[in-house]
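So you can see what is in the structure, the chains are spelled out below.
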Amino acid sequence: MLKLNYTDVGLYMEQTMTHPELLIAQRVLLAMRLGQMLHVEPGRASFLLPADLPELEELEAALQREYNPNSTILLVDDASVEVNLSGCWMAESKEAQEGMFLALMSDSLSETLRERIERFIYKLWQMSEVHISSPA
């Protein structure tokens with residue numbers, strides 16, 4: 001599973017093997033024990049990747065080949081593509097800009113294929129972080 005943490009300084013992504021329902025239950029329990037509000041809802045999240053990443057075509061092909069409706073890649077402009085993921089949003093309120101998004105791949109995919117696509121998306125995100133922070 002991919003976990004996207006949206007903070008005031010940007011996006012941080014990680015790949016975790018924890019089952020989504022367990023992670024949600026743990027977060028709800030933590031909020032209850034701390035007396036915090038927690039809003040949980042299904043939704044979609046997105047992030048940008050540079051359009052010139054060489055492996056991007058391979059990811060697009062895998063998503064089309066396996067027909068994964070929970071993940072799409074859209075061209076934004078000549079320099080960027082947007083990766084859209086379905087999953088679950090958790091934050092202090094419905095209007096919060098900061099929170100955690102758990103990306104859930106289609107159940108129609110085998111566990112091995114799901115993990116491979118998640119690992120590939122994560123790798124591309126890591127490559128984009130290096131790409132963005134490197135000098136031109």
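Residues numbered from 1 in each chain as written. Predicted model: local features only at pLDDT ≥ 70, side-chain atom pairs only at ≥ 80, totals over all residues. Heavy atoms only, no water.

**Section: the nonpolar core**
Formed by 28 residues in total, the largest nonpolar core has its most connected members in Leu2, Leu4, Phe47 and Leu85. Residue contacts for Leu2: discarding those within four places in its chain leaves Met13, Glu14, Gln15, Leu85, Phe101, Leu102, Ala103, Met105, Glu118, Ile121 and Tyr122. Among the nonpolar cores identified, the runner-up in size contains six residues, and Met1, Leu23, Met90 and Met100 belong to it. (Core = buried A, V, L, I, M, F, W, Y, C linked by side-chain atoms within 4.5 Å. Buried < 20%, exposed > 50% of the residue type's maximum accessible area, 1.4 Å probe, protein only. Contact = heavy atoms within 4.5 Å.)

**What about the pairing of strand E1 (residues 2-7)?**
Where burial is concerned, most of E1 is hidden: five out of the six residues are buried. Looking at chain direction, E1 and strand E2 (residues 10-15) are connected through six bridges and run antiparallel. Each residue of the ladder has a partner; that of Tyr6, found in E2, is Leu11. As defined by bridge partners, E1 adjoins strand E6 (residues 99-103) across five bridges and the pair is classed as antiparallel. Note on E6: the bridge partner recorded for Tyr6 is Gly99. (Helix = DSSP H or I, 4+ residues; strand = E, 2+ residues; numbered from the N terminus. Pairing = 2+ DSSP bridges.)

**A few points about the environment of Ala45**
Structurally, Ala45 is set in strand E3 (residues 39-50). A sequence separation of 26 residues divides Ala45 from Ser71, and the C-alpha atoms of the two residues are 9.8 Å apart. Discounting residues that sit within four places of it in the chain, Ala45 has contacts with Tyr6, Val83, Asn84, Leu85 and Phe101.

**Quick word on the side chain of Thr16**
Position of Thr16 relative to the elements: it lies in the loop between E2 and helix H1 (20-34). There is a polar contact of 3.1 Å between the side chain of Thr16 and the side chain of Thr18. (Polar contact = N/O pair within 3.5 Å; in protein donor to acceptor, adjacent residues only side chain to side chain.)

**Section: the pairing of strand E5 (residues 80-91)**
Within E5, eleven of the twelve residues are buried, which leaves the element mostly enclosed by the surrounding structure. Taken together, the twelve bridges between E3 and E5 define a ladder with antiparallel strand orientation. Bridge pairing links Pro50 to Ser80 in E5. Two elements, strand E4 (residues 71-75) and E5, share five bridges in a ladder whose sense is antiparallel. Its bridge partner lying in E5, Leu75 is registered against Val81. Taking the residues between adjacent antiparallel strands as the criterion, E4 and E5 are bridged by four residues.

**Some words on the side chain of Ser86**
Looking at where Ser86 falls in the secondary structure, it is placed in strand E5. Once residues lying within four places of it in the same chain are set aside, the contact partners of Ser86 are Gly43, Arg44, Asn70, Phe101, Leu102, Ala103 and Leu104.

**A closer look at H1**
Note: α-helices contain 3.6 residues per turn, so residues at a spacing of three or four share the same orientation. Relative to the 21 Å expected for 15 residues at 1.5 Å per residue, H1 spans 21 Å between its end C-alpha atoms, a close match to the ideal helical length. Buried within H1 are the following residues: Pro20, Leu23 and Ala31. When H1 is viewed along its axis, its buried side chains cluster within an angular range of 70 degrees and face the same direction. Away from its buried face, by an angle of more than 90 degrees, H1 presents the exposed residues Glu21, Met32 and Arg33. Those residues of H1 that are buried lie in contact with E1 and E6. Two residues or fewer past H1, Gly35 is found with a positive phi of approximately 70 degrees. (Expected span 1.5 Å × (residues − 1). Arc of directions from axis to C-beta.)

Bear in mind that shape data such as this cannot, by itself, settle questions of function.
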